[in-house]
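# Fold and geometry: a report
Listed below, chain by chain, are the residues.
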Amino acid sequence: MNYTNLFKIALRAIAANKTRSFLTALGIIIGIASVITMLAVGQGTKQSIQSNIAEMGSNMIMISPGADRRGGVRQDASSMETLKMTDYEAIKEECKYIKAISPVVSSSGQWIYGNENTPSSLYGVNRDYLEIRQLTIADGEMFTDADIKSSAKVCILGQTVVDNLFPDGSDPVGKVVRFNSIPFRVIGILKKKGYNSMGMDQDDLVLAPYTSVMKRILAQTYLGGIQCSAITEGVTEKATEEITSILRRTHKLKDATDNTEADEDDFNIRSQEELSSMMNSTTNMLTILLGCVAGISLIVGGIGIMNIMYVSVTERTREIGLRMSVGARGVDILNQFLIEAILLSVTGGIIGVLIGIGASYAIKMFAHWPIAIEIWTIVMSFAVCTFTGVFFGWYPAKKAAQLDPIEALRYE
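Residues numbered from 1 in each chain as written. Predicted model: local features only at pLDDT ≥ 70, side-chain atom pairs only at ≥ 80, totals over all residues. Heavy atoms only, no water.

## A closer look at the nonpolar core
- If you look at the biggest cluster of nonpolar residues, it comprises 57 residues, and the most contacted ones within it are Ile 91, Leu 207 and Ile 243.
- Looking at this core element by element, the count peaks at 6 residues for strand β9 (residues 182-190).
- Each residue touching Ile 91, except ones within four places of it in the same chain, is listed here: Ile 63, Ile 98, Ile 101, Ile 226, Ile 243, Ile 246 and Leu 247.
- Grouped together as the second largest cluster of nonpolar side chains are 23 residues, Val 35, Leu 298, Ala 328 and Ala 401 included. (Core = buried A, V, L, I, M, F, W, Y, C linked by side-chain atoms within 4.5 Å. Buried < 20%, exposed > 50% of the residue type's maximum accessible area, 1.4 Å probe, protein only. Helix = DSSP H or I, 4+ residues; strand = E, 2+ residues; numbered from the N terminus. Contact = heavy atoms within 4.5 Å.)

## Topic: unusual backbone geometry
- Positive phi values are uncommon outside glycine, yet Gln 134 reaches one of about 55°.
- Looking at the secondary structure, you find Gln 134 in the loop between α4 (129-133) and β6 (137-140).
- A residue is classified by how much of its surface remains accessible, and Gln 134, at 41% relative accessible area, is partly exposed.
- The phi dihedral of Ala 219 falls on the positive side, at around 50°, and the residue is not glycine.
- Among the secondary structure elements, Ala 219 is positioned in the loop between α7 (210-218) and β11 (225-230).
- Under the relative-accessibility criterion, Ala 219 is labelled exposed at 67%.

## Let's talk about the side chain of Ser 271
- Looking at the element boundaries, Ser 271 is found in strand β12 (residues 267-271).
- Those residues in contact with Ser 271, other than ones at most four positions away along the chain, are Met 60, Ile 61, Met 62 and Thr 236.

## Side note on the packing of aromatic side chains
- Per the counting criterion, the structure on display carries 5 aromatic pairs.
- Here Phe 387 and Phe 391 contribute two aromatic rings whose centre-to-centre distance is 5.6 Å and whose plane-to-plane angle is 25°, an arrangement assigned as stacked. Residue Phe 387 and its partner Phe 391 are located together in helix α12 (residues 375-401), separated by 4 residues, close to a single helical turn.
- The class of Phe 387 is exposed, set by a relative accessible area of 54%. (Phe/Tyr/Trp six-rings, centres within 6.5 Å; stacked < 30°, edge-to-face > 60°.)

## Some details on the pairing of strand β7 (residues 154-157)
- Across the two faces of β7 the burial is the same, with Val 154 and Ile 156 and Cys 155 and Leu 157 all buried.
- One ladder, built from 4 bridges, connects β7 with β9; its direction is parallel. When the sheet's bridge partners are listed, Ile 156 is paired in β9 with Gly 188.
- Here β7 runs beside strand β10 (residues 205-209); their pairing, made up of 2 bridges, is antiparallel. Looking at β10, one finds that Leu 157 is bridged to Val 206. (Pairing = 2+ DSSP bridges.)

Just distances and angles here, no functional claims.
Structure follows, in structure tokens:
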């Protein structure tokens with residue numbers, strides 16, 4: 001018996017029991033739709049996190065003070081004084097794997113203009129900070145090297161601070177705002193970046209020359225941190241190693257010898273590559289978990305197919321005996337029921353894919369979650385539903401193929 005006739009027989013058997021066939025395929029439909037939707041949400045979240053990290057600078061390296069012990073007691077991060085201007089200058093001059101570097105000092109307080117005020121953070125940086133953090137001046141200009149040298153009281157406002165201090169929409173450039181009681185002249189406005197994937201407002205900040213913040217606000221000579229960007233993302237690890245070597249030398253930290261242990265680093269170095277790797281690992285794990293949970297319904301659907309195929313074999317025992325008595329081989333009977341099971345699973349898979357894609361876009365539209373439907377998820381879904389049809393349909397089909405024709409014809 002050729003496969004065309006087997007296919008037609010399988011179609012007639014499915015059409016003869018439309019409701020039962022639909023309910024059988026429903027498990028596959030729900031399973032495939034769930035898998036595609038869950039994977040779309042997982043992949044969308046992953047891509048959203050990656051894009052947000054890229055917006056902050058995918059090759060950014062952050063150096064912060066650490067391990068400052070006095071009398072055996074570790075100090076609070078805000079009081080650590082292990083990073084100096086000499087460290088910044090040494091890294092700038094000696095590290096060949098970085099293209100931009102900026103000292104960073106920060107303070108939080110109230111910004112005031114007229115009757116309006118808003119709490120925000122002030123970051124003392126240099127001109128390279130814009131390149132490192134991928135920030136853009138939307139209006140006005142960046143402060144100059146001369147402003148840094150003279151500790152000028154000028155600043156660049158983020159869009160959130162602009163909206164809070166100038167709700168009437170007036171141009172802030174050229175206006176004088178106060179940070180607590182210290183006046184700063186606004187010379188520029190940063191281009192809006194919005195919220196990142198962790199819910200942080202990237203526009204709620206003010207930039208000023210680091211010398212102005214250190215001398216006029218904090219009255220300190222040490223740095224709160226150093227930020228730099230590697231030439232390319234691929235050399236981030238080499239840049240980190242080089243910076244570590246430079247800082248250990250400038251901080252006079254001893255390396256390990258035969259008799260002594262190495263001194264502990266009194267600084268911490270973190271890169272966006274490290275953060276990206278950690279976040280990708282987390283989102284991949286969550287995506288796999290979501291896919292596995294949704295995949296359980298596929299197993300349930302497969303069991304439903306096996307159950308219905310058992311019922312079908314029992315109902316059609318006399319038909320099987322008749323076919324075998326007129327020359328049908330066991331392999332023909334096996335293929336007949338196997339094709340029927342595969343048709344049910346593949347049809348359910350197609351409907352499930354369509355519902356899964358629709359559900360994904362519905363989630364994006366109504367819940368505003370990021371989604372990403374990738375081709376491999378659809379291909380994988382079809383492969384899984386085909387495998388489900390073969391796996392769960394094979395045993396009942398094999399049972400049908402092994403029936404004794406005489407006994408089958410006697411079956412009532």
